Amino acid sequence: MTKFFFKCAFLITALFIGVLIGMQYANQGIVDMKGHEQQNFTSPVGVNQNVEGNVEASFLGNEIDSKTLTEKKEKLEEMKAFNVFSSIGKVIASTIESITNKIVDVISSLI
């Protein structure tokens with residue numbers, strides 16, 4: 001039993017060290033591919049809201065105006081996009097809810 005325990009502990013330790021070494025190699029590969037070392041990588045998409053309430057967004061370093069965002073939002077609202085999966089999900093949810101309510105009513109009437 002102790003021999004099995006030591007084998008398992010050795011394998012877990014070896015795999016953990018392997019994962020740490022792999023993470024170090026991956027980090028070094030990212031730094032080499034980028035060409036310079038930077039402590040924090042910038043996110044590709046950023047959305048901020050300033051004190052005045054204006055939304056500032058950036059996508060891959062390109063600034064997007066809040067006017068553009070509001071225009072796109074208005075276009076989407078005008079289109080009233082129809083999502084088949086969403087409507088199917090709503091129908092299934094309402095069906096399951098009504099069945100559950102009927103079952104609870106029947107059980108509560110028996111009690």
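Residues numbered from 1 in each chain as written. Predicted model: local features only at pLDDT ≥ 70, side-chain atom pairs only at ≥ 80, totals over all residues. Heavy atoms only, no water.

A.B. asks: Before we go on, may I ask you to explain the overall build of the chain in this structure?
C.D. replies: What the chain contains, in helices and strands, is three helices and three strands. Residues classed as buried in the chain amount to 3% of the 111 residues present. If you sum the accessible surface of the chain, you get close to 10,500 Å²; carbon and sulfur atoms cover 65% of it. (Helix = DSSP H or I, 4+ residues; strand = E, 2+ residues; numbered from the N terminus. Buried < 20%, exposed > 50% of the residue type's maximum accessible area, 1.4 Å probe, protein only. Areas by Shrake-Rupley, 256 points an atom, 1.4 Å probe, with all protein chains shown as cover.)

A.B. asks: Looking at this model, I keep getting lost on a negative patch on the surface. Mind explaining?
C.D. replies: Together, Glu71, Glu74, Glu77 and Glu78 line one region of the surface with negative charge. Position of Glu78 among the secondary structure elements: in helix H2 (residues 66-79). (Patch = residues over 30% accessible without salt bridge, like charges linked within 9 Å, V, L, I, M, F, W, Y side chains within 5 Å. Salt bridge = Lys/Arg side-chain N within 4 Å of Asp/Glu carboxyl O. Lys, Arg positive; Asp, Glu negative; His and termini not counted. Charge placed at Lys NZ, Arg CZ, Asp CG, Glu CD.)

A.B. asks: Which parts of the structure should I look at to understand a nonpolar patch on the surface?
C.D. replies: A cluster of nonpolar side chains, namely Phe16, Ile17, Val19, Leu20, Ile21, Met23 and Tyr25, defines an oily patch on the protein surface of about 760 Å² accessible area. Relative accessible area serves as the criterion here: at 49%, Val19 is assigned to the partly exposed category.

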